[in-house]
Amino acid sequence: MPSESNQRFPKQARITHQRDFELVFRSGTVAADNVLVVHAIRSESDRCRLGISISRRVGNAVVRNRWKRLIREAFRRQQDALPAGLDMIIRPKRGAVPDHDAIRRSVVYLSKKLDRRLPNK
RNA sequence: CCGGGAGGCAGGGCAAUCGCCGAAGCGGAGCCGCGCAUGCGGCUGGCGUUUCGGAGGAAAGUCCGGGCUCCAAAGAGCAAGAUGGUCGAUAACGUCGACCGGCCGCAAGGCUAGGGAAAGUGCAACAGAAAGCAAACCGCCAGCGGGAGGAAACUCCGCGGGUAAGGGUGAAACGGUGGGGUAAGAGCCCACCAGGACGGGGGGUGACUCUCGUCGCUUGGUAAACCCCAUCUGGAGCAAGAUCCAGCAGAAUGAGUCCGCUUAUGGCGGACGCGUCGUUGCUCGUGACGUCAACAUUCGGGUAGAUCGCUUGAGGACGCAAGCAAUUGCGGUCCCAGAUGAAUGAUUGCCCGCGACGCUCCCUUGGGAGUUUCGCGACAGAACCCGGCUUAUAUGCCUCCCGGAGUU
RNA sequence: CGGGGUGUAGCGCAGUCUGGCUAGCGCAUCUGGUUUGGGACCAGAGGGUCGUAGGUUCGAAUCCUAUCACCCCGA
């Protein structure tokens, strides 16, 4: 099992501080399709980090939890397919419905698009 | 069988793969301490692995009540607010239980902020004569004037009176019916009925209720209008609060005046003045702290962050006992989420429940049984913890009761 | 966690404190007039479960209770 892909999601892979969120929102690049909106900057390490931001307008707590879990799963299961070294904040597009397959496709597509746009270190 | 009423329970299941949070264990890694050393002990937002646990009946709304923590103190008064039949339950409540009164319903049952209006103040549009020290618009009544008409009876007009029985208005008009009485009338008097006050007796812990007597006493509504009465409430909240503290900025002390003591360019104490702070509506009482700056000396406070608070509790299920019940007592037994950009999940398959179209079989209309496919499976996510209340909720199930129809 | 506010015609608001007079005002809509036509202007009309449900009262947009939705603050 040396080549088994990494699907774990420890705390290092998350954005956990208010100031990091502010940094990404203020100085990050944005990409969006009709499902998700992604803000991103170059990370300080090679590891990708994920933050999820869901407004109260999206729905009640159950709906918001559903969004969070689907986005997290999409990130976790496809970590190796994503470009390295991005700090991303993902939030749902206004009016979108939470759909598993659509979110999976959207995460990969938008992160690659941002990787091309952001300058290399 | 039909219709209705009351209450309760459940809130999809299993498996596979990949994950998340917590606890405990093991392995290895790093660091620290001891030791000459093999090694031993301790620590860690770290790595791997194993086991165990991981959302709700409402976790929701945040409408009440507590625990807990802090506010120098929670002292007094005022203000403000809340509650409002009685008795009980409880840590407490605006909650719950039982009962009383009122209203609704054929009934089972349901609803009920339900203290005080003969303490005071206020309010009642329109209509109506009049809307609360009662009052005379029409009507009714006798009297006076003799003004008008008439043969007269009498009628009309005027005057000051009597009258709440009749009229119409209104949500509401100062008890109801009958009789007597009277000029006409009126609880003015009488009988019965309704209510009230007072007194006595029976029942009940009590709200209240039953009953007897006396008084003709009949005094309207509104307090979810002000108000009065009784009871209750200090405030803020786990982002409370405690501990360790980067950075940055800074703070404290020495030194207001007077007096006293003294180990004497200093130190200590007291008084006065001034200023600041403080219980979070106001006042009072009782307090705490400081005494310009420059300069010197010394360091505290505490932000980011981290840790604790943080889950064993008015706890759960069970049994026995007390009580109509809410609930309580005793016994052994169980440990059952603790996250913090925030875990408790994602995907797939099978099963389960419900619905629809179709097919097959049974059969008297109509239903029942089986089955393929498709669709649906609610409301909703712990954030310090409890007790309630309220609201949302697919579907399924259970118990008791009432009315009607029917069978034996 | 705590505090505050709003809900009335298609839109924006008043009326709520102190219950009754007609639920009013502006814009918009419709009809008519004016104009060659349009705009503007003039005249008139329609349009309201006063967020919802109970209650108090003779009577409720207004008072009380509960509830729903939305918005804004503070720590």
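For the structure itself, look to the data block above.
In this text the structure is predicted, and so the values were computed from the model without any measurement.

1. Some points on the protein's contact with RNA strand B
Then step 1. Lining the immediate surroundings of RNA strand B are 25 residues, of which Gln7, Ile15, Gln18, Asn65 and Arg76 lie closest.
Then step 2. Of everything in RNA strand B that lies within 4 Å of the protein, sugar and phosphate atoms constitute 68%.
Then step 3. Taking Ala61, its main chain carries an N or O atom lying 3.3 Å from a phosphate oxygen of RNA strand B.
Then step 4. Top element by residues in the surface near RNA strand B is helix α2 (residues 61–77). It accounts for 11 residues.
Then step 5. Considering only residue class, the surface near RNA strand B consists of seven nonpolar, eight polar and 10 charged.

2. Observations concerning helix α3 (residues 100–117)
Then step 1. An ideal rise of 1.5 Å per residue puts 26 Å on 18 residues; α3 measures up with 26 Å between its terminal C-alpha atoms.
Then step 2. What α3 keeps buried is the set Ala102, Ile103, Ser106, Val107, Val108, Leu110, Ser111 and Leu114.
Then step 3. Those residues of α3 that are buried lie in contact with β1 (29–32), β2 (36–42), α2 and β4 (86–92).
Then step 4. A distance of 3.4 Å separates the backbone nitrogen of Asp101 from a side-chain oxygen at the start of α3, and that oxygen is part of Asp99.

3. Re the packing of aromatic side chains
Then step 1. All chains considered together, the criterion is met by one aromatic pair.
Then step 2. Note on Phe9 and Phe75: the rings are 5.8 Å apart at their centroids and 70 degrees apart in plane angle, and the pair reads as edge-to-face. Here Phe9 is found in the segment before α1 (18–27), whereas its partner Phe75 is found in helix α2, with 66 residues between them in sequence. Across this residue pair, the class does not change: Phe9 and Phe75 are buried.

4. Section: the layout of surface pockets
Then step 1. If you add up the space inside the largest pocket, you get close to 320 Å³.
Then step 2. Lining the largest pocket are 16 residues, and of these Val58, Pro92, Lys93, Arg94 and Gly95 lie nearest its centre.
Then step 3. Mapped onto the lining of the largest pocket, the elements with two or more residues apiece are α2 and β4.
Then step 4. The class makeup of the residues in the lining of the largest pocket is nine nonpolar, three polar and four charged.
Then step 5. Empty space within the second largest pocket amounts to approximately 150 Å³.
Then step 6. Every residue lining the second largest pocket is listed: Asn6, Asp46, Arg47, Cys48, Phe75, Gln79, Asp80, Leu82, Pro83 and Ala84.
Then step 7. Here the residues of the lining of the second largest pocket are counted per class, giving five nonpolar, two polar and three charged.

5. Comments concerning the sheet that holds β4
Then step 1. Pairing in this open sheet of four strands is mixed, and the strands run β1-β2-β4-β3 from one edge to the other. Edge positions in the open sheet fall to β1 and β3 (49–52), since each of these has one partner strand only. Averaged over all adjacent pairs, the angle separating strand axes in this sheet is 25 degrees, with direction ignored.
Then step 2. Pairing of β3 with β4, which is carried by four bridges, proceeds in the parallel orientation.

Calculation rules
- Residues numbered from 1 in each chain as written.
- Chains lettered and ligands numbered in written order.
- Predicted model: local features only at pLDDT ≥ 70, side-chain atom pairs only at ≥ 80, totals over all residues.
- Heavy atoms only, no water.
- Near = heavy atom within 4 Å.
- Polar contact = N/O pair within 3.5 Å; in protein donor to acceptor, adjacent residues only side chain to side chain.
- Helix = DSSP H or I, 4+ residues; strand = E, 2+ residues; numbered from the N terminus.
- Nonpolar A, V, L, I, M, F, W, Y, C, P; charged D, E, K, R; others polar.
- Expected span 1.5 Å × (residues − 1).
- Buried < 20%, exposed > 50% of the residue type's maximum accessible area, 1.4 Å probe, protein only.
- Contact = heavy atoms within 4.5 Å.
- Phe/Tyr/Trp six-rings, centres within 6.5 Å; stacked < 30°, edge-to-face > 60°.
- 1 Å grid on protein atoms, 1.4 Å probe; cavity = no way out; pocket = protein on both sides within 12 Å on 5 of 7 lines; lining within 4 Å.
- Points joined across faces, edges and corners; volume = space filled by probe spheres on them.
- Pairing = 2+ DSSP bridges.
- Axes fitted to C-alpha atoms, helices over the stretch in contact; angles between N-to-C directions.

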